[in-house]
Amino acid sequence: MRRLKVDPRENWQDIARSKGFNFHHVNGDLYWDESVCYAFSLREIEEDLEGPAQELADMCLDLVAEAVESERILEQLAIPPHFWDMTRDSWRRNEPSLYGRFDFGYDGKGPAKLYEYNADTPTSLYEGAYFQWLWLEDAIRQGILPAQADQFNSIQEALIETFGLFQVDGLLHLASVKGTEEDRATVEYLRDCAVQAGLDTKQIYMEDILADSQGQFMDADQEPIYWLFKLYPWECMLGDDFGLLLPGCDTTFVEPPWKMILSNKGLLPLLWERHRGHPNLLPAWFHKPGQTPLSDSYVIKPLFSREGANIRVINHGEEIFSSPGEYGKEGHIAQALHYPPNFEGQGPVLGLWIVNNNSRGLSIREDSSPITGDLSRFVPHCILEDG
Amino acid sequence: MKRSKALSLLLMGSLTLGGGVGCSKSDKEQFSAYSTVTECIEDGKFTDQECQEFASQAGSQSVQFSSREDCEARFGEGACEADSAAPAATTGADSAPRTSSWAPMFWGFMAGRYLAGGQTMQGATPLYRAGAGGLRTPWGESVSPDAKGRVAPTAAMRQNMNHVAKPRVERQTSRSGKPAGGFNKNSRSRSAS
């Protein structure tokens, strides 16, 4: 694993514009950065990343099968009892999952370590699945990278295949929340994939969803919503005014309710309890004040949190970092402290994409702060043997 | 080969993505920097109670770093001091006792009000003095208030405000007819990571 300085494509901003990628800068700061890339050997990709991600994905499904039958686990995950049946039924009915992203710390030497699983609403999908792929093709064509360079990335292909497996009768609605360009573009991209799979689609906003007198969901044109891809976390939906309608509604959701078990940070201690010592897991436990930690250096994370909010870092028993935010009232987990590696002052976090439960690609965000927040930069990767 | 042979897009790029998203600023939007609660109240844009809530909200979001270097990387040279919990280490950099915690100097808070998900959201984040003068958010972003304290919010500021903002409680007569959509209470949260 190497961090290489490479020439950006001269016209990359024009390419981005023509491909609908309008959030490559955030607040004037570069978000998509192709002046560097990470290069991996094929062995690193297959043995250290692709394989472990597949193994973890399978372990996660085993855990869901156990959790939906266990009130104790559902309680540990702070899922309200009103939604237990819905969660269990979605699993028993085999409702399909589209995608998720594992975040790993990896330095090319030791095993990749799982930080967390963004199983419900991962973003950075478009830039990982499509724009990164386009970068590699262009970079080879322009002589920036040698012809034998490759990339671990069949994410888009897998998304289209998976949409093709959905038994959608009528329209697939796809929704994000208002006011975020990045989320809207992510949903637009998924809609593009769904259309390529032959589905009829309609893009809407979560805020515009209505309910009829029977508690069934409709879009603003009063068309029924039978299938909904929602880039909006389950834990938010449960707490909304319409939350109570969810168990009785006819809508099939993507991601399905059982993904709540995996997008919850409680996943980390549950996996550790079942696979203690697994090379790709960090020790993790449910954190309660006053309890003796498993390690004296650890990170405390809320069960539900996004974008690195409300994280506390404890190093040798002392808090050395905390990030603001308002998550955490449902409880916390702790995970042994494991910093991302340092590559020229940057800490890359590796995102391994799972599509239809298959490990299908890699994307990388790097940040100079220890917590990957929403201002970290996306950098592409390639497979290129050393020397 | 570990990558797809051919990929294409059907829709993206042909549409002006996000056209309108950037144009949805309401005249209700308001970002302002205040060094004290009194300043906030006197400005008249927020109620007394709101200003007090902003100050306590900002005060609860402290940032800390394990080293002066990390802290200065975000707030600039000379911007950081050893945490007050450490033994009095006034200014002397050479003789400062070893401490595990560094923090930038608190200046005040930035209050924000904006529309999101069809409702008015508001909240506050702390502001710190930057090493080279000026103010910075906890994320190290420079904030330059005008003479009246007004700040032109960037996309990142709005996003960061989303972590802490809450719907504004307004005493409005409810409109007749069907209620608007019921998936919106939490829509201030950017959805994903």
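Here, the structure is the one placed above.
Here we summarise the structure given alongside this text.

1. Details of the overall build of chain A
Next up, step 1: The number of helices and strands found in chain A is 10 helices and 21 strands.
Next up, step 2: Expected size for 387 residues packed as a compact globule is a radius of gyration near 21 Å; at 21 Å, chain A falls within 12% of this value.
Next up, step 3: By its C-alpha atoms, chain A is 65 × 55 × 35 Å across when sized along the principal axes.
Next up, step 4: The proportion of buried residues among the 387 residues of chain A is 64%.
Next up, step 5: Pairs at least 24 apart in sequence give 69% of the contacts found in chain A among residues at least 6 apart.
Next up, step 6: Put simply, chain A shows about 13900 Å² of open surface, and 47% of that area lies on carbon and sulfur atoms.
Next up, step 7: With 32 positive and 62 negative side-chain charges, chain A shows a spacing of 3 Å between the two charge centroids.

2. Re the side chain of Ser322(A)
Next up, step 1: Counting through the fold element by element, Ser322(A) comes out in strand β16 (residues 318–322).
Next up, step 2: Here Ser62(B) takes part through its backbone oxygen, which lies 3.3 Å from a polar atom of the side chain of Ser322(A).
Next up, step 3: Contact partners of Ser322(A), with chain neighbours within four places excluded, come to Ile311(A), Arg312(A), Ser62(B), Val63(B) and Gln64(B).

3. A look at the state of the cysteines
Residues and elements named next belong to chain B.
Next up, step 1: Scanning all chains against the criterion turns up 2 disulfides over all chains.
Next up, step 2: Linked covalently through their sulfurs, Cys-40 and Cys-51 form a disulfide whose S-S length is 2.0 Å. Residues Cys-40 and Cys-51 share a disulfide whose torsion about the S-S bond is about -75 degrees; that sign makes it left-handed. Linking Cys-40 in helix α1 (residues 37–43) with Cys-51 in helix α2 (residues 48–59), this pair joins segments that are 11 residues apart in sequence.
Next up, step 3: With a sulfur-sulfur separation of 2.1 Å, Cys-71 is cross-linked through a disulfide to Cys-80. Measuring the twist about the S-S bond at about -85 degrees, one finds the Cys-71-Cys-80 disulfide to be left-handed.
Next up, step 4: Assessed through its relative accessible area of 6%, Cys-80 is described here as buried.

4. Regarding the packing of aromatic side chains
Residue and element names in this part refer to chain A.
Next up, step 1: This model, assessed by the stated rule, comprises 34 aromatic pairs over all chains.
Next up, step 2: With centroids separated by 5.3 Å and ring planes inclined at 25 degrees, the aromatic side chains of Phe-166 and Trp-227 adopt a geometry described as stacked. With Phe-166 in the loop between α6 (155–165) and β7 (171–176) and Trp-227 in strand β11 (residues 227–230), this pair connects stretches of sequence that are 61 residues apart. Pair check on accessibility: Phe-166 and Trp-227 agree, each one buried.
Next up, step 3: Three or more aromatic residues link up through ring pairs in this structure, and these residues are Phe-21, Phe-23, Tyr-31, Trp-32, Tyr-126, Tyr-130, Phe-131, Trp-133, Tyr-189 and Phe-378.

5. Re the interface of chain A and chain B
Next up, step 1: Listed per partner, the contact involves 79 residues of chain A and 50 residues of chain B.
Next up, step 2: Carbon and sulfur atoms make up 54% of the area that chain A and chain B hide from each other, which totals about 5700 Å².
Next up, step 3: Where chain A packs against chain B, one counts 4 salt bridges.
Next up, step 4: Here Glu46(A) ties to Lys2(B) by a salt bridge, and the two come within 3.1 Å at their closest N and O atoms.
Next up, step 5: The interface formed by chain A and chain B includes 19 residue pairs in polar contact (both at pLDDT 80 or more).
Next up, step 6: Here the side of chain A that touches chain B takes 11 residues from helix α7 (residues 181–196) of chain A, the largest share from any one element.
Next up, step 7: Partitioning the side of chain A that touches chain B into residue classes produces 35 nonpolar, 19 polar and 25 charged.

6. Quick notes on helix α2 (residues 42–67) of chain A
Next up, step 1: Across its 26 residues, α2(A) extends 36 Å between first and last C-alpha, which sits within 8% of the 38 Å expected from 1.5 Å per residue.
Next up, step 2: Along α2(A), the largest kink reaches about 30 degrees and is centred on Glu50(A); proline Pro52(A) follows within four residues of it.

7. Regarding the sheet that holds β11(A)
Residue and element names in this part refer to chain A.
Next up, step 1: Reading across from one edge, β8-β7-β11-β12 is the order of the 4 strands in this open sheet, with parallel pairing throughout. Every interior strand has two partners, whereas the edge strands, β8 (200–205) and β12 (252–254), have only one. Adjacent strand axes in the sheet meet at a mean angle of 25 degrees, parallel and antiparallel pairs treated alike.
Next up, step 2: By the bridge criterion, 4 bridges tie β7 to β11 in an arrangement that is parallel. Residue pairing for β11: His-173 is matched across the bridge by Leu-228.
Next up, step 3: Contacting β7, β8 and β11, α7 crosses the sheet at an angle of about 170 degrees to β8.

8. Brief notes about helix α4 (residues 84–92) of chain A
Residues and elements named next belong to chain A.
Next up, step 1: Every buried residue belonging to α4 is among Trp-84, Met-86, Thr-87, Arg-88 and Ser-90, and all of these are buried.
Next up, step 2: The elements touched by buried residues of α4 are α3 (71–76), α8 (234–239) and α9 (260–263).
Next up, step 3: Downstream of α4 by one or two residues, Asn-94 has phi in the positive range, about 65 degrees.

9. Thoughts on the pairing of β16(A)
Side chains on a regular strand alternate between the two faces of the sheet.
All names here are of chain A.
Next up, step 1: Of the strand pairs in this sheet, strand β15 (residues 312–315) and β16 are connected by 4 bridges, and their pairing is antiparallel. From the neighbouring strand, Ile-314 faces β16, where its bridge partner is Glu-319.
Next up, step 2: Here β15 hands over to β16 after 2 residues, with His-316 in that stretch at a positive phi of 45 degrees.

10. Quick word on the side chain of Asn118(A)
Residues and elements named next belong to chain A.
Next up, step 1: One can find Asn-118 in strand β6 (residues 113–118).
Next up, step 2: On the basis of relative accessibility, which here comes to 8%, the residue Asn-118 falls in the buried class.
Next up, step 3: One polar contact links Asn-118 to Asp-103, side chain to side chain, over a distance of 3.1 Å.

About the cut-offs
- Residues numbered from 1 in each chain as written.
- Chains lettered and ligands numbered in written order.
- Predicted model: local features only at pLDDT ≥ 70, side-chain atom pairs only at ≥ 80, totals over all residues.
- Heavy atoms only, no water.
- Helix = DSSP H or I, 4+ residues; strand = E, 2+ residues; numbered from the N terminus.
- Rg over C-alpha atoms; globule rule 2.2 N^0.38 Å.
- Buried < 20%, exposed > 50% of the residue type's maximum accessible area, 1.4 Å probe, protein only.
- Contact = heavy atoms within 4.5 Å.
- Areas by Shrake-Rupley, 256 points an atom, 1.4 Å probe, with all protein chains shown as cover.
- Lys, Arg positive; Asp, Glu negative; His and termini not counted.
- Charge placed at Lys NZ, Arg CZ, Asp CG, Glu CD.
- Polar contact = N/O pair within 3.5 Å; in protein donor to acceptor, adjacent residues only side chain to side chain.
- Disulfide = S-S within 2.5 Å.
- Phe/Tyr/Trp six-rings, centres within 6.5 Å; stacked < 30°, edge-to-face > 60°.
- Buried area = accessible area lost by both parts, 1.4 Å probe.
- Salt bridge = Lys/Arg side-chain N within 4 Å of Asp/Glu carboxyl O.
- Nonpolar A, V, L, I, M, F, W, Y, C, P; charged D, E, K, R; others polar.
- Expected span 1.5 Å × (residues − 1).
- Bend = angle between axes of the 7 residues up to and from the residue.
- Pairing = 2+ DSSP bridges.
- Axes fitted to C-alpha atoms, helices over the stretch in contact; angles between N-to-C directions.

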